[in-house]
Each structure stands twice: as structure tokens, then as C-alpha cells.
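Understanding the architecture of this molecule
Chain by chain, the residues:
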Amino acid sequence: MINQHQKDYKAEVEKNRGELGKRPEWLRVKLPSGENYKDVLNLMRKSKLNTVCEEAKCPNMAECWNSRTATFMILGDTCTRSCGFCNVKTGMPNELDLDEPRRVAESVEQLQLRHAVITSVNRDELKDGGAAIFSETVKLIREKMPTCTIEILIPDFKGDKAAFEIIMQNPPDILNHNLETVERIYHAVRPQAQYERSLNLIKWFKARGLKTKSGIMVGIGEKNEEVLKVMQDLRDHHCDILTIGQYLQPTKEHLPVDRYVTLGEFKMFKEEGLKLGFKAVESAPLVRSSYHADKHARDF
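Residues numbered from 1 in each chain as written. Predicted model: local features only at pLDDT ≥ 70, side-chain atom pairs only at ≥ 80, totals over all residues. Heavy atoms only, no water.

The next point concerns the packing of helix α5 (residues 100-111) against helix α6 (residues 131-144). The relative placement of two packed helices comes down to the angle between their axes together with the axis-to-axis distance. Where α5 contacts α6, the axes come no closer than 8 Å and their chain directions differ by 35 degrees. Pair α5 / α6 crosses with right-handed handedness. Taken together, the residues of α6 that come into contact with α5 (itself represented by Glu100, Pro101, Arg102, Val104, Ala105, Glu106, Val108 and Glu109) are Ile133, Glu136, Thr137, Leu140, Ile141 and Lys144. For the contact of α5 with α6, a count of residues per class yields seven nonpolar, one polar and six charged. (Axes fitted to C-alpha atoms, helices over the stretch in contact; angles between N-to-C directions. Helix = DSSP H or I, 4+ residues; strand = E, 2+ residues; numbered from the N terminus. Left-handed = near helix turned anticlockwise from the far one by under 90°. Contact = heavy atoms within 4.5 Å. Nonpolar A, V, L, I, M, F, W, Y, C, P; charged D, E, K, R; others polar.)

A few words now on the packing of aromatic side chains. Following the criterion strictly, the structure yields six aromatic pairs and no others. Residues Phe134 and Phe157 carry aromatic rings whose centres are separated by 6.3 Å and whose planes lie at 90 degrees to one another, so their mutual orientation is edge-to-face. Placement of the pair is Phe134 in helix α6 and Phe157 in the loop between β6 (149-153) and α7 (161-167), with a sequence separation of 23 residues. In this pair, the class of Phe134 matches that of Phe157, namely buried. Ring centres of Trp204 and Phe205 lie 4.9 Å apart, and the angle between their planes is 75 degrees; this geometry places the pair in the edge-to-face category. On the accessibility criterion, Trp204 (9% relative accessible area) is buried. The exposure class assigned to Phe205 is buried, which follows from its relative accessible area of 0%. Cluster of aromatic residues (ring-pair linked, three or more members): Phe164, Trp204 and Phe205. The residue whose ring lies beneath Arg208 is Trp204, and the NZ or CZ to ring-centre distance is 3.8 Å. Its end group placed over the ring of Phe278, Arg235 keeps NZ or CZ at 5.6 Å from the ring centre. (Phe/Tyr/Trp six-rings, centres within 6.5 Å; stacked < 30°, edge-to-face > 60°. Buried < 20%, exposed > 50% of the residue type's maximum accessible area, 1.4 Å probe, protein only. Lys NZ or Arg CZ within 6 Å of the ring centre and 35° of its normal.)

The interhelical angle for the contact between helix α10 (residues 224-236) and helix α11 (residues 263-276), taken along N-to-C directions, is 30 degrees, at an axis separation of 10 Å. Considered as vectors, α10 and α11 are oriented roughly parallel to each other. Crossing angle aside, the handedness with which α10 passes α11 is right-handed. Across the interface between the two elements, Asn224, Val227, Leu228, Met231, Gln232 and Arg235 of α10 pack against Glu265, Met268, Phe269, Glu272, Gly273 and Leu276 of α11. Here the contact of α10 with α11 is composed, by residue class, of six nonpolar, three polar and three charged. (Parallel < 35°, antiparallel > 145°, perpendicular 65-115°, else oblique.)

Moving on to the pairing of β6. Here β6 lies mainly inside the structure; five of its five residues are buried. Burial along β6 is two-sided: Thr149, Glu151 and Leu153 and Ile150 and Ile152, pointing in opposite directions, are all buried. Bridging between strand β5 (residues 115-120) and β6 involves five bridges; their strand directions are parallel. Residue pairing for β6: Val117 is matched across the bridge by Glu151. Taking the sense of rotation as the criterion, the β-α-β connection linking β5, α6 and β6 turns out right-handed. Relative to strand β7 (residues 174-176), β6 is paired through three bridges, and the arrangement is parallel. Its bridge partner lying in β7, Glu151 is registered against Ile174. Regarding topology, α7 serves as the crossover connection from β6 to the parallel β7, and that connection is right-handed. (Pairing = 2+ DSSP bridges. Right-handed = clockwise from strand over helix to strand, strands pointing away.)

Next up on the list: the side chain of Ser214. Here Ser214 shows up in strand β8 (residues 211-218). Judged by relative accessible area, which is 0%, Ser214 ranks as buried. In terms of polar contacts, Ser214 uses its side chain to reach the backbone carbonyl oxygen of His177, at 2.7 Å. With residues up to four places along the chain from it excluded, the contact list for Ser214 reads Asn176, His177, Asn178, Leu179, Ile202, Leu234, Cys239, Ile241, Leu242 and Thr243. (Polar contact = N/O pair within 3.5 Å; in protein donor to acceptor, adjacent residues only side chain to side chain.)

Now for the environment of Asn224. Looking at the element boundaries, Asn224 is found in helix α10. Remark: the alpha-carbon pair of Asn224 and Glu265, spanning 41 residues in sequence, is separated by 8.4 Å. Those residues in contact with Asn224 that lie beyond four places of it in its chain are Arg259, Glu265, Met268 and Phe269.

When you tally the buried positions in β8, you get eight out of eight residues, the bulk of the element. Of the pairings in the sheet, the one linking β7 to β8 comprises three bridges and is parallel in character. Bridging from a neighbouring strand, Leu175 pairs with Thr212 of β8. Sheet topology note: the β8/strand β9 (residues 241-246) ladder contains six bridges and is parallel. What sits directly across from Ser214, in β9, is Leu242.

The following block contains the structure:
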């Protein structure tokens, strides 16, 4: 549920944007299908696991699952934060599932995944924010599938360095933390997060030798010059990989779409990102955090 600040921002966007118009052709998505897709779906149900692919209604779910890449969402399905863009439910989470890392690792093995992405809800009520569960999950996947590359998309853990150290006990191949949006509208989009705190998290893990990654949405009320500023800030904090995709409003209760960003603008963002020194930039309307994640893990 969005707060009053987010409601005010939502009203401002709707007032100033004018007629949004019809959703462009390039945002249309085919229904997921394919044998690998069915294998992943059936195993998730059987193992009682969550995927952000489903929770966030990712448009690339079929493509990723059919290429043997999946994004597991650990620490339950209820988030302690109330981001204005996210479709994951907010509330007080259930008791921590200590058996979850084992089930994730066994699923990775059974599916013979080439690349596994592990993300989570925020668990601010936990002392370590769930860092120990992340670490144990990576450890067990390494034991069962040593050839599988691992990316973790982590929350900010409130900037707690002790939680960061727990992550580094079993480091992933790629450390991902999404900035999500530009600094000016951070309080509306991510009310319990801090722009500088997220940047410093990326810098901290890069200093420990990890490949670093972040992602942002566009079309949620930012301006192009602000996107370029975020990209510069990420490079200044040693982020290696960047994903940029079109924001799509999950429900009418969430923050509205401000505009449909053009294909030419996405191309410009990619070109400018590569000029800034990112090792890889995925910039297109349907790009999400895990898009081509297996490729990035192996290419550099």
C-alpha cells in the first residue's frame, strides 16, 4: 500500500503527463511456453519456492526459463517495505524458512541451470536482513552445481556492513543491487531506501573484488538528463553492468507510468552507458534485472 507522499507524487504525475496514449507495439509480450519453461514452473510449485519472475510479472519469463536461467525469490513472499512500483505484497513476513536454501539448491541441480539468480523481499525485522540465508543458499548451490554461475540481487540491508560481511562468506559471481530510479523521486519510488546508501553498497562490494550490477526503470517520472546522472553516479561507484527497462504499472494502486520511453532513447542510454565505461548495458523496453544475466556472468 502506498503512503501519502507516494499518493501526492502519483497525483502530480497524472496531472502533468497529459494523455499517455496507447501502449506501444514493442511492449507486447507473448504468453510463456516451451518445455524448459514448463519444467521450471512445475518444479517451483513442487518445491514450494517463489520466483520474482512470477511475483513481478516479468515479461521475459519464458525467454529466461527456456534458456535455463531462473530467478529465485527467497525469504518468503511478503516484504517489509512499500515501494511504489513493486507488485510483491507488503506486510509482516512469516517465520523464516531455514530449509529454503536447500530446496533452492536442489532445484538448481534438478533443472541443471547454467545461471541462477537469487533475490529476495526486504526483511527489515531481521537483525541481518536475511543475509545469512543468502549466504547459505549460495554455499549449497556451489556444492551441488559448481559449474552454475550465481548472481544475487540483494536488498540494502540498511547499509549494515556486518550483513555485507556475511554475504562475502560465500560470494556470488555477480552482486546486483538495483538503484531503481533517479535521486529526485527516490522518496516516492523507494520510501524506505536511500540513494547514497545504495550507491555505497555497490562500491563496497566492488572493493571486495565482485562484479557489480544495478538496474533502473524509466517512464516513472524521471527526465533523461537525470537518467544520465544516475549512470554517471553508478560508474563513479564502480558498477560494472547496468540494466534499463520501461516501468509498467502493476495495478492502479501503484505509481503511474509517466511516459513510454522510445526505442531511440533506450538506444541512446546504451550508447552513453558504454561510453561511461560499463562492461555491459542492457537497455530496451522489456529489459529487467535478470535479462541476459547468464551472458554477463561469463563474458567478462
